[in-house]
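For reference, the chains in residue letters:
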Amino acid sequence: MIQISHLNKSYGEHHVLKGIDLNIKDGETISIIGPSGSGKSTFLRCLNLLEEPEEGQVTIGEHQYDEKTIHKNKKVFSRITAMVFQNYGLFSNKNVLENITLPLTVVKKENSQTAKNTALKLLEKVGLLDKQKAYPNELSGGQQQRVGIARALALNPELILFDEPTSALDPELVGEVLSLIKKVATEKITTIIVTHEIAFAREISDRIVFMDNGYIVEEGTPEEVIDHPKNPRTKQFLQRFTRNDY
Amino acid sequence: MSQRVIQILISSFGKILIPGLIYTIPLTIVSFALGLCIAIVTALLQVMNVPGFKQICQFYVWVFRGTPLMVQLFIIFYGLPSVGIMINAIPAATIAFSLNVGAYASETIRGSILSIPRTQSEACYACGMTRTQGMFHVILPQALRISIPALSNSFIALVKDTSLAANITVTEMFMVTQRLVALTYEPLFLYLEVAFIYLVFCTALTYLQKVLEKRLKVGI
């Protein structure tokens, strides 16, 4: 169970998150959609404390932080979550295999053989077993992102955060990454995805959250939010995507 | 060029080269290795913002970049004995060169660390690593690779700077040449000869730098 209440975050004068409340059940897949600058990514980054909110409370499983206890909770929240980045965030001095085993040996203190076995199993799952010795700059964007997803899964987190995982990809590479995320979403792991792929969000999500201007404007099942939006701002946003897009 | 000059150049070549091989090169390599260790520690203490140490490092860099190497050599070799610290010429030169090159190289490395894209450290954090773990496994290795061309500059500069050790009685190549000049009165050709030997050393080192860069290019 994940509970988020009254999350507020500003950059100077700019108030990015204006009191976000959201509850997520274990194993749920949530997609966050909304216009650029609406605070989606900032919200996501507050959940693993890459960004520190000024106010609010987040509970993931049995761990909880509020604005007063951020500092001593950073380590815990960075470890119970995993993140897939828009620009992949692979360690560029490590090859594919090492990208997955490094956090396992360094953070989880697994021995290198156990870590390697885990990594190989996941590389098989993402279809990149043959690229295990390659360096990130030798891979396509789609392949890099699949390694990024394998690395996140290897950490076996309570929550996986996808921050616009396909936004940096060439159009022809989006498919391979989306179909992998779809596979991940059907597993019991709790997932939050920030995405601009409306059709994809509709297909894989248990719930859709529409954010605009620092607020959660509307949330519900894909049918409720995408097919029958109630709020005028949601309607306006979705109008930009023609019916054929999803 | 007269027969005599050619004679002198040939007979002096070995006399200059040998101190080069036993003083200049070891002094350069040992000082640079020590300087590099100092530089990495100094850069890390500054970037990681270790309270107290950061200011000490800034002070050290400020002092050693802001004063001439020659003056530093003289203070360590001729100055410190008057407060009871006696250091032999070669250790004194090693200390001065290490501290001097360390100050410059620390800024090179610090700059490279700061130039690593923020995603790299964010990815380390998101994978659960502490700042120190991320620094040692991901950020510093990348930063050191980026630093190689600039560090090679410092290294080659150091090869030539070791000639200053002649001023504190180290009989390295330049001092030997000066003595030969005093004996033969052929300053032009002998100084050209020692310049040529320095050039050969630096060329060889530049070649090594290229090899090293190629080897370490993976992944970047």
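Structure: see above.
Residues numbered from 1 in each chain as written. Chains lettered and ligands numbered in written order. Predicted model: local features only at pLDDT ≥ 70, side-chain atom pairs only at ≥ 80, totals over all residues.

**Let's talk about the pairing of strand β3 (residues 29–33) of chain A**
All names here are of chain A. Burial of β3 is extensive: five of the five residues sit out of reach of the surface. Burial along β3 is two-sided: the residues Thr 29, Ser 31 and Ile 33 and Ile 30 and Ile 32 are all buried. Note that β3 and strand β8 (residues 190–194) share four bridges and pair parallel. Residue pairing in the sheet places Thr 29 in a bridge with Thr 191 of β8. With four bridges joining them, β3 and strand β9 (residues 207–212) adopt parallel strand pairing. Note on β9: the bridge partner recorded for Ser 31 is Ile 208. (Buried ≥ 20, exposed ≤ 12 C-beta atoms within 10 Å, placed from the backbone. Helix = DSSP H or I, 4+ residues; strand = E, 2+ residues; numbered from the N terminus. Pairing = 2+ DSSP bridges.)

**Notes on helix α1 (residues 40–47) of chain A**
In an α-helix, one turn spans 3.6 residues, which is why side chains three or four residues apart end up on the same side. Counting buried residues along α1 of chain A, seven of its eight residues qualify, which places the element largely inside the surrounding structure. Following α1 of chain A by one or two positions, Leu 49 of chain A adopts a phi angle in the positive range, close to 65 degrees.

**Considerations on the nonpolar core**
The biggest cluster of nonpolar side chains holds 124 residues, and the ones touching the most others in it are Ile 32, Ile 149, Ala 150 and Ile 181 of chain A together with Ala 93 of chain B. Here this core takes twelve residues from helix α1 (residues 3–47) of chain B, the largest share from any one element. Excluding anything up to four places from it in sequence, Ala 150 of chain A contacts Ile 100, Leu 122, Leu 123, Lys 125 and Val 126 of chain A. (Core = buried A, V, L, I, M, F, W, Y, C linked by C-beta atoms within 7 Å. Contact = placed C-beta atoms within 7 Å.)

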